[in-house]
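Notes for the structure review
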Amino acid sequence: MKSFKTMALHAGFCASIMAVPALAQENDAFVTFQVLKPEYAQRAAVAAMESCREAGYQVGVMVVDRFGIPQAYVRDRYAGLHVFETARRKAWTAVSFRTDTLSLGELTAPGEMMAGIRELSEPLALGGGLVIEASGSIVAGIGVSGAPGPDLDADCAQAGIDAIMDDIAF
């Protein structure tokens, strides 16, 4: 009899776990996430560069994964030397702070509550960095540098995202 009660208790416990799979997944030791494949990162970077080129700007474009690790970089033939670091930092900043760098520039302006972010060595609160999202999740970031204004860098970055949006929207 004792054995039967133990088995019934065990069966009831197992049934309750199976009845709430979301709870079981929440307590799992692993997380899952999506990242942009390098081929799509490259396509976005080239599309952003070509958008700027058509407007008469020579730029560099960096695409990083959701963790800020570089995936793709392109630089137009006459873009300045600084564009590699600037584009990388813009893309990194966008994914790190989960916002576009033009908005972050406003939020971190002198006298604003988040101004201290500008004292950190890596973030670059200058327009031209955007997050790339798919299904409500950040999958990458893109940074553009070299256009005559940060808003124009941001426009080219958006063109890069637009070039792959049909492929990543789900």
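Going by the structure above, here's the rest.
Below: a short report on this structure. What you see is a predicted model; the values in this text were computed from it and never measured. Within each chain, residue numbers correspond to sequence positions counted from 1 in written order. In keeping with the model being predicted, local features are shown solely for residues with a pLDDT of at least 70 and side-chain atom pairs are shown and tallied solely at 80 or more, while totals for entire chains, interfaces and linings include all residues. Side-chain calculation: all heavy atoms of the structure are included, whereas hydrogens and water are not.

What the protein contains, in helices and strands, is six helices and four strands. Expressed as a percentage of the 170 residues in the protein, the buried residues total 38%. Contact definition: two residues touch when any of their heavy atoms are within 4.5 Å. In the protein, once contacts between residues fewer than 6 apart in sequence are set aside, the share between residues at least 24 apart is 65%. Here the accessible surface of atoms and residues is derived via Shrake-Rupley with a 1.4 Å probe, and residues count as covered only by protein chains that are part of the display. Carbon together with sulfur atoms contributes 59% to the accessible area of the protein, which is approximately 10100 Å² in total. For helices the rule is a DSSP run of H or I covering at least 4 residues; for strands it is a run of E covering at least 2, with both sets numbered from the N terminus onward. We call a residue buried when its accessible area falls under 20% of the maximum for its residue type, exposed when it is over 50%, and partly exposed in between, using a 1.4 Å probe and counting protein chains only.

This paragraph deals with the pairing of strand E4 (residues 137-145). In terms of burial, E4 is largely enclosed, as eight of its nine residues are buried. Two strands make a pair as long as DSSP finds a minimum of two bridges between them. Two elements, strand E1 (residues 60-65) and E4, share six bridges in a ladder whose sense is antiparallel. What sits directly across from Val61, in E4, is Val144. Of the strand pairs in this sheet, strand E3 (residues 129-134) and E4 are connected by six bridges, and their pairing is antiparallel. Residue Val131 lies in a different strand from E4, and its bridge partner there is Gly141.

Another point: the side chain of Asp153. Its location among the elements puts Asp153 in helix H6 (residues 150-168). At 2.8 Å, the side chain of Asp153 forms a polar contact with the side chain of Lys90. If sequence neighbours within four positions are ignored, Asp153 has contacts with Val59, Lys90, Gly127, Gly128, Val144, Ser145, Gly146 and Ala147. Between N or O atoms, a polar contact is any pair within 3.5 Å; within protein, one atom must be a potential hydrogen donor and the other a potential acceptor, and residues adjacent in sequence are included only when both atoms are from side chains.

Below, the discussion takes up helix H4 (residues 83-97). With 15 residues, H4 should reach 21 Å at 1.5 Å per residue; the first-to-last C-alpha distance of 21 Å fits that figure. Taken together, the buried positions of H4 are occupied by Val83, Thr86, Ala87, Arg89, Lys90, Ala91, Thr93, Ala94 and Val95. Where the residues of H4 are buried, they touch E1, strand E2 (70-75), helix H5 (101-107), E3, E4 and H6. Phi turns positive one or two residues past the end of H4, at Arg98, with a value near 55°. Here, expected helix span is obtained from the residue count minus one, scaled by 1.5 Å.

Among soluble globular proteins, nonpolar side chains are generally buried collectively. Membership of the largest hydrophobic core comes to 26 residues, with the highest contact counts inside it found for Leu36, Val59, Val61, Val63, Ile132, Ile142 and Val144. Going through the elements one at a time, helix H3 (38-54), E1, E2, E3, E4 and H6 are the ones with two or more residues in this core. The biggest single contributor to this core is H3, with six residues. Sequence-distant contacts of Val59, defined by excluding residues within four places in its chain, comprise Met49, Cys52, Val74, Arg75, Asp76, Ala79, Val144, Ser145, Gly146, Ala147 and Asp153. Definition used in this section: a nonpolar core is a set of buried Ala, Val, Leu, Ile, Met, Phe, Trp, Tyr and Cys residues joined via side-chain atoms within 4.5 Å. Counting residues in hydrophobic clusters, the runner-up holds eight residues, among them Val64, Ala91, Val95 and Val131.

Here, two cysteine sulfur atoms that lie within 2.5 Å of each other are counted as a disulfide. For the structure on display, the rule yields one disulfide. The residue that forms a disulfide with Cys52 is Cys156, at a sulfur-sulfur distance of 2.0 Å. One quick way to see it: the torsion about the S-S bond of Cys52 and Cys156 is about 110°, and its sign makes the bridge right-handed. Of this pair, Cys52 sits in helix H3 while Cys156 sits in helix H6, placing them 104 residues apart in sequence. In terms of burial, Cys52 and Cys156 fall into one category: buried.

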